[in-house]
Amino acid sequence: MKKIGFLSFGHWTPSSQSQTRSASDMLLQSIDLAVAAEDLGADGAYFRVHHFARQLASPFPLLAAVGAKTSRIEIGTAVIDMRYENPLYMAEDAGAADLIAGGRLHLGISRGSPEQVIDGWRYFGYQPEEGQSDADMGRRHAEVFLEVLQGKGFAQPNPRPMFPNPPGLLRLEPHSEGLRDRIWWGAGSNATAVWAAKLGMNLQSSTLKDDETGEAFHIQQAKQIRAYREAWKEAGHAHEARVSVSRSIFALVDDRDRAYFGYGSENEDKVGFIDENTRAIFGRSYAAEPDVLIEQLRKDEAVAEADTLLLTVPNQLGVEYNAHVIEAILTHVAPALGWR
């Protein structure tokens with residue numbers, strides 16, 4: 001049994017070929033797709049966050065709206081770039097969104113990836129400390145975020161407050177119990193996956209990672225997951241670890257599917273550089289008739305290792321078609337692989 005959700009990058013463009021031609025289209029359709037996914041029996045609605053781009057940038061209004069419109073599915077991000085975040089303000093937003101959703105928020109965070117502008121986090125008022133990198137800064141923000149989510153008091157109360165205070169040091173409000181255990185780290189390397197395990201974060205492994213061995217993407221990703229689980233075990237955390245992988249998977253069941261994805265041009269891994277020093281491997285997409293797709297996915301070691309699968313959806317093709325994409329996997333593929 002696997003949890004199966006969708007991951008939307010929230011693209012929008014004024015092109016006549018896009019069904020999300022504005023930020024408003026993207027946001028409202030994201031809510032509608034989450035509702036449709038829940039109705040279909042999917043387990044999660046996750047959203048990618050990018051700044052300075054025609055994509056979702058500020059996730060908490062959307063997450064709160066999805067939480068208010070749904071009742072069962074997990075709602076989350078994959079991922080929020082912590083280089084841009086004030087971790088205390090973020091903890092307040094996250095607490096409020098989680099309470100609205102009834103404790104269904106699952107936040108994927110990360111140190112970030114290359115963005116649309118150079119050092120975009122500087123425009124948000126952040127810069128690394130002396131001798132540290134922007135990645136170090138992102139991880140530091142993450143550690144502060146995790147700390148305040150525990151709900152412990154740390155701020156000295158005003159002796160003459162406007163409203164009465166509870167006794168002792170004050171914590172951030174609203175606090176949502178249990179949210180700390182539902183934070184995920186988007187790891188690009190084996191080392192950061194192990195670091196996340198030690199801190200008690202769940203693991204999100206995407207469709208790309210550092211190319212550390214030259215092996216096929218799914219093999220390297222499976223090794224990353226095993227290293228994470230071993231580190232989790234050694235850390236002795238009380239709760240169970242969760243691991244998700246994301247994949248572009250399309251079951252070709254009608255003429256629309258074949259027209260959009262039947263060309264098979266992305267059915268192999270690719271290698272490239274995400275910055276000057278980091279060689280990365282990008283995982284293949286899957287698009288085939290259901291019987292072929294089932295056999296291909298049986299061989300994906302990382303999918304087998306994970307407990308959660310996030311289907312990356314082409315959100316600009318509209319809610320109806322993306323609901324069809326999700327339903328096709330749930331109906332024609334997942335049962336044969338024992339995921340349902």
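It should be noted that the structure appears before, not after, this text.
Residues numbered from 1 in each chain as written. Predicted model: local features only at pLDDT ≥ 70, side-chain atom pairs only at ≥ 80, totals over all residues. Heavy atoms only, no water.

Engineer: I'm lost on the sheet that holds strand β4 (residues 105-110) in this one. Help?
Structural biologist: Backbone hydrogen bonds are what pair the strands of a sheet, in a parallel or an antiparallel way. Here eight strands make up a closed barrel; going around it, the order is β1-β2-β3-β4-β5-β6-β8-β13 and the pairing parallel. Neighbour-to-neighbour, the strand axes of the sheet open up by a mean angle of 25 degrees, direction not taken into account. Packing of helix α1 (residues 23-40) onto the sheet brings it into contact with β1 (3-8), β2 (44-47) and β13 (308-313), and relative to β1 it is tilted by some 165 degrees. (Pairing = 2+ DSSP bridges. Helix = DSSP H or I, 4+ residues; strand = E, 2+ residues; numbered from the N terminus. Axes fitted to C-alpha atoms, helices over the stretch in contact; angles between N-to-C directions. Contact = heavy atoms within 4.5 Å.)

Engineer: What's the story with the pairing of strand β8 (residues 243-247) in this structure? I'm lost.
Structural biologist: Consecutive side chains along a regular strand alternate between the two faces of the sheet. Among the five residues of β8, five are classified as buried, and the element is accordingly described as predominantly covered. The sheet contact formed by strand β6 (residues 202-205) and β8 spans three bridges and is parallel. What sits directly across from Leu203, in β8, is Val243. Across four bridges, the pairing between β8 and β13 is parallel. Directly across from Val245, in β13, lies its bridge partner Leu309. (Buried < 20%, exposed > 50% of the residue type's maximum accessible area, 1.4 Å probe, protein only.)

Engineer: When you look at the sheet that holds strand β11 (residues 279-282) in this model, what are you seeing that I'm missing?
Structural biologist: Strand order across the open sheet formed by three strands is β7-β11-β10, with antiparallel pairing between neighbours. Strand pairing shows two members of the sheet lacking a second neighbour, β7 (208-210) and β10 (270-273), which therefore form its edges. The sheet shows a mean angle of 30 degrees between the axes of neighbouring strands, taken without regard to direction. Across three bridges, β7 lies against β11 in antiparallel orientation. Among the inter-strand pairings, Leu208 is bridged to a residue of β11, identified as Phe282. Each of β7 and β11 is contacted by helix α6 (residues 217-235), which is oriented at about 70 degrees to β7, the strand it contacts most.

Engineer: Looking at this structure, I do not really get the pattern of salt bridges. What am I missing?
Structural biologist: Opposite charge on two side chains makes pairing possible when the charged atoms of those side chains draw close. Under the criterion given, the structure shown has 24 salt bridges. Note that Arg83 is salt-bridged to Asp81, the shortest N-O span being 2.7 Å. Classification of Arg83 by relative accessible area gives buried; the value is 5%. A salt bridge links Glu301 to Arg226, with the shortest nitrogen-to-oxygen separation between them at 3.4 Å. Residue Glu301 is found in helix α9 (residues 301-305), and its partner Arg226 is found in helix α6; the two are separated by 75 residues along the sequence. Of the residues examined, Arg226 reaches a relative accessible area of 37% and is grouped as partly exposed. Salt bridges sharing common partners tie together Lys3, Glu74, Arg229, Arg242 and Asp307. (Salt bridge = Lys/Arg side-chain N within 4 Å of Asp/Glu carboxyl O.)

Engineer: Hey, could you run me through the packing of aromatic side chains in this one?
Structural biologist: Summed over the entire model, instances satisfying the criterion amount to nine aromatic pairs. Seen in terms of ring centroids, Tyr228 and Trp232 are 6.0 Å apart; in terms of plane orientation they differ by 45 degrees. Their pairing is tilted. With Tyr228 and Trp232 both in helix α6 and four residues apart, the pair spans about one turn of that helix. Its relative accessible area of 7% is what places Trp232 among the buried residues. Put simply, the rings of Phe52, Tyr84, Tyr123 and Phe124 pair up and form one aromatic cluster. (Phe/Tyr/Trp six-rings, centres within 6.5 Å; stacked < 30°, edge-to-face > 60°.)

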